[in-house]
Amino acid sequence: MRLLIALLCCALAATAAQAEEWMVKRKVTTSFDDTRDAIVMAIENRGLVVNYTSHIADMLNRTGADIGAAKQIFAQAEIVEFCSAGLSRQMMEMDPHNIVLCPFAISIYTLPGEKNITWVAYRQPKGAAAKLVGPLLSAIAAEAGQ
């Protein structure tokens, strides 16, 4: 019986780990504004341009009442989208299906009830794209907590 329970726990843990393989998320203890500014600066310091900033929390708060939703999901949340023409081209020459990774996006958000915590997250590239784009995304996200 103990063996069965142990195997079940291992299977559940493996399933949970697989469920998050597609994303990387980091908890930082800087404010939302400072974290967002650090992400934008890290992008621009690499000679890249922010294409768009999506104000997710504002959109959810604005539309929630229209669909009967009352739960607050984020205290603050934005997604910063940016591109590298060179990396994007290389990535899609490797596999045209890598188009789903463009533009690159890093999410910055805070959750209701979590004080002094900001989250930074991005989609985890797979395969050859992971070796090409993964270090860029990781380095930009790492600058958020500094």
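Check the entry above for the structure.
Bear in mind the structure is a predicted one, so any value in this text is a computation, not a measurement.

A. Summary view of the nonpolar core. Grouped together as the largest cluster of nonpolar side chains are 24 residues, with contacts concentrated most on Ile39, Phe82, Phe104, Ile106 and Ile140. Secondary-structure elements contributing two or more residues to this core are strand E1 (23-28), helix H2 (32-45), strand E3 (76-83), helix H4 (85-94), strand E4 (104-110), strand E5 (118-123) and helix H5 (127-142). Among the elements that make up this core, the one with the highest residue count is H5 (six residues). Excluding anything up to four places from it in sequence, Ile106 contacts Ile39, Glu78, Ile79, Val80, Phe82, Val120, Ala121, Tyr122, Leu137, Ile140 and Ala141. In terms of nonpolar packing, the next biggest core, distinct from the first, is built from eight residues, Ile56, Tyr109, Trp119 and Ala121 among them.

B. Main features of H4. Taken residue by residue, H4 has Leu87, Ser88 and Met91 as its buried positions. Summarising the axial view, the buried residues of H4 lie within an arc of 100°, below the 170-degree limit, and thus occupy one face. Among the exposed residues of H4, those oriented more than 90 degrees off its buried face are Ala85, Arg89 and Glu93. In this structure, the buried residues of H4 make contact with E3, E4 and H5.

C. Expanded view of the packing of aromatic side chains. Here the structure, examined in full by the defined rule, presents three aromatic pairs. Note on Phe74 and Tyr109: the rings are 5.5 Å apart at their centroids and 70° apart in plane angle, and the pair reads as edge-to-face. One end of the pair, Phe74, is in the loop between helix H3 (56-64) and E3; the other, Tyr109, is in strand E4, and 35 residues separate them in sequence. Of the two residues examined, Phe74 and Tyr109, each falls in the buried class. Pairwise contacts between aromatic rings join Phe74, Tyr109 and Trp119 into one cluster. Its guanidinium or amino end placed over the ring of Trp119, Lys25 lies 5.7 Å from that ring's centre, counting from NZ or CZ.

The rules behind these values
Residues numbered from 1 in each chain as written. Predicted model: local features only at pLDDT ≥ 70, side-chain atom pairs only at ≥ 80, totals over all residues. Heavy atoms only, no water. Core = buried A, V, L, I, M, F, W, Y, C linked by side-chain atoms within 4.5 Å. Buried < 20%, exposed > 50% of the residue type's maximum accessible area, 1.4 Å probe, protein only. Helix = DSSP H or I, 4+ residues; strand = E, 2+ residues; numbered from the N terminus. Contact = heavy atoms within 4.5 Å. Arc of directions from axis to C-beta. Phe/Tyr/Trp six-rings, centres within 6.5 Å; stacked < 30°, edge-to-face > 60°. Lys NZ or Arg CZ within 6 Å of the ring centre and 35° of its normal.

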